[in-house]
Amino acid sequence: MIDNITAINENQGQTLSVVGDAYRIIISGEQTQGAYAVIDMLVPPGGGPGPHSHAGFQELFYVVEGEIDFKTEAGKYSAKKGAFVNIPMGGEVHCFKNTSPTTAHLLCTVIPAGLDTFFQEIGTPVPAGTFLPPPVWNEEELKRIQQLAEKHGQKLYPPDYLG
């Protein structure tokens, strides 16, 4: 007898515009009792989050399509279709950016969940596949985003932090 299988269709899950990317929360921490969350990420050319860290959760990426440049304090890695990137617990500063001319597609798993609720707080609900321009935050908005990041176990760094 199988009681606990969860199946999510391709048109289910909340889609949010976050820093100009389109993120669909496939399965939320609310659905997994906080164990993990899975986020489908579409990252347009030039898109991706700035430098940040999160000591309390692990972040795993699988590149479905495209190419993403990951940066850490240890260096840079160009992740192409089929690549897997693990950001372990512990708080290493990292960021990623789509430097290719086409939209990149990533699957991101966070263990435990929490990043999904951060995205829900800072993101704008959009129809699937919709991209909004990256927000330009004034000093007050930036302070609010930093406080929300800290509330969700993250620390944000200046855009040029990793060079």
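Preceding block: the structure.
Because the structure is predicted, anything quoted here is derived from the model rather than measured.

Trainee: Would you mind going over the overall build of the protein chain with me for this structure?
Mentor: When helices and strands are tallied, the protein chain shows 2 helices and 12 strands. Starting at the N terminus and ending at the C terminus, the protein chain contains elements arranged as β-β-β-β-β-β-β-β-β-β-α-β-α-β. Against the globule reference of 15 Å for 163 residues, the protein chain gives a C-alpha radius of gyration of 15 Å, in line with a compact fold. Expressed as lengths along the three principal axes of its C-alpha atoms, the size of the protein chain is roughly 55 × 35 × 30 Å. Per-residue burial for the protein chain yields a buried fraction of 41% across its 163 residues. For the protein chain, the proportion of contacts with a sequence separation of at least 24, taken over those separated by at least 6, is 71%. Here the protein chain displays about 9000 Å² of accessible surface, and carbon together with sulfur accounts for 54% of that area.

Trainee: Is there a simple way to think about the side chain of Ser17 in this case?
Mentor: Along the chain, the position of Ser17 falls in strand β1 (residues 14-18). Each residue touching Ser17, except ones within four places of it in the same chain, is listed here: Gly123, Thr124, Val126 and Leu132.

Trainee: Is there a simple way to think about a nonpolar patch on the surface in this case?
Mentor: Taken together, Tyr62, Phe84 and Leu107 make up a surface patch of nonpolar side chains, about 280 Å² in accessible area. Examined against the element boundaries, Leu107 turns out to sit in strand β10 (residues 104-111). Assessed through its relative accessible area of 31%, Leu107 is described here as partly exposed.

Trainee: Help me understand helix α2 (residues 139-151), please; the structure alone is not making it clear to me.
Mentor: Spacing of three or four residues puts side chains on the same side of an α-helix, whose turn is 3.6 residues. Between its terminal C-alpha atoms α2 stretches 18 Å, which fits the 18 Å expected from 13 residues at 1.5 Å a residue. When α2 is considered as a whole, its buried residues turn out to be Ile145, Leu148 and Ala149. Looking down the long axis of α2, one finds its buried residues gathered within 105 degrees of arc, a one-sided arrangement. Away from its buried face, by an angle of more than 90 degrees, α2 presents the exposed residues Glu139, Glu140, Lys143, Glu150 and Lys151. Turning to α2, the residues buried within the fold contact α1 (115-122) and β12 (155-156). Two or three places before Glu140, at the start of α2, stands the capping residue Asn138, its side-chain oxygen 3.0 Å from that residue's backbone nitrogen. In the stretch just after α2, Gly153 is the one whose phi turns positive, near 80 degrees.

Trainee: What am I meant to see in the nonpolar core here?
Mentor: Looking at soluble globular proteins, one finds that nonpolar side chains tend to be buried together. Ranked by size, the top nonpolar core spans 30 residues in total, and within it Ile39, Met41, Phe61, Phe96, Leu106 and Phe119 carry the most contacts. Dropping the residues within four chain positions of it, Phe61 is found in contact with Met41, Phe70, Ala83, Phe84, Val85, Ile87, Phe96, Leu106, Leu107 and Cys108.

Trainee: I'm lost on the packing of α1 against α2 in this one. Help?
Mentor: The relative placement of two packed helices comes down to the angle between their axes together with the axis-to-axis distance. Their axes nearest at 10 Å, the elements α1 and α2 cross at an angle of 160 degrees. Taken together, the axis directions place α1 and α2 in an arrangement best described as roughly antiparallel. Seen from above, α1 lies across α2 with right-handed handedness. Across the interface between the two elements, Phe118, Glu121 and Ile122 of α1 pack against Ile145, Leu148, Ala149 and Lys151 of α2. The class makeup of the residues in the contact of α1 with α2 is 5 nonpolar, no polar and 2 charged.

Trainee: Even after reading the chapter, I still don't get the sheet that holds β10, so can you show me in this structure?
Mentor: Each strand in a sheet pairs with its neighbour through backbone hydrogen bonds, running either in the same direction (parallel) or in the opposite one (antiparallel). Taken in spatial order, the 7 strands line up as β8-β5-β10-β3-β2-β1-β11 in an open sheet, and their pairing is antiparallel. Either end of the sheet is taken by a strand with one partner, and the two such strands are β8 (84-87) and β11 (124-125).

Calculation rules
- Residues numbered from 1 in each chain as written.
- Predicted model: local features only at pLDDT ≥ 70, side-chain atom pairs only at ≥ 80, totals over all residues.
- Heavy atoms only, no water.
- Helix = DSSP H or I, 4+ residues; strand = E, 2+ residues; numbered from the N terminus.
- Rg over C-alpha atoms; globule rule 2.2 N^0.38 Å.
- Buried < 20%, exposed > 50% of the residue type's maximum accessible area, 1.4 Å probe, protein only.
- Contact = heavy atoms within 4.5 Å.
- Areas by Shrake-Rupley, 256 points an atom, 1.4 Å probe, with all protein chains shown as cover.
- Patch = residues over 30% accessible without salt bridge, like charges linked within 9 Å, V, L, I, M, F, W, Y side chains within 5 Å.
- Salt bridge = Lys/Arg side-chain N within 4 Å of Asp/Glu carboxyl O.
- Expected span 1.5 Å × (residues − 1).
- Arc of directions from axis to C-beta.
- Polar contact = N/O pair within 3.5 Å; in protein donor to acceptor, adjacent residues only side chain to side chain.
- Core = buried A, V, L, I, M, F, W, Y, C linked by side-chain atoms within 4.5 Å.
- Axes fitted to C-alpha atoms, helices over the stretch in contact; angles between N-to-C directions.
- Parallel < 35°, antiparallel > 145°, perpendicular 65-115°, else oblique.
- Left-handed = near helix turned anticlockwise from the far one by under 90°.
- Nonpolar A, V, L, I, M, F, W, Y, C, P; charged D, E, K, R; others polar.
- Pairing = 2+ DSSP bridges.

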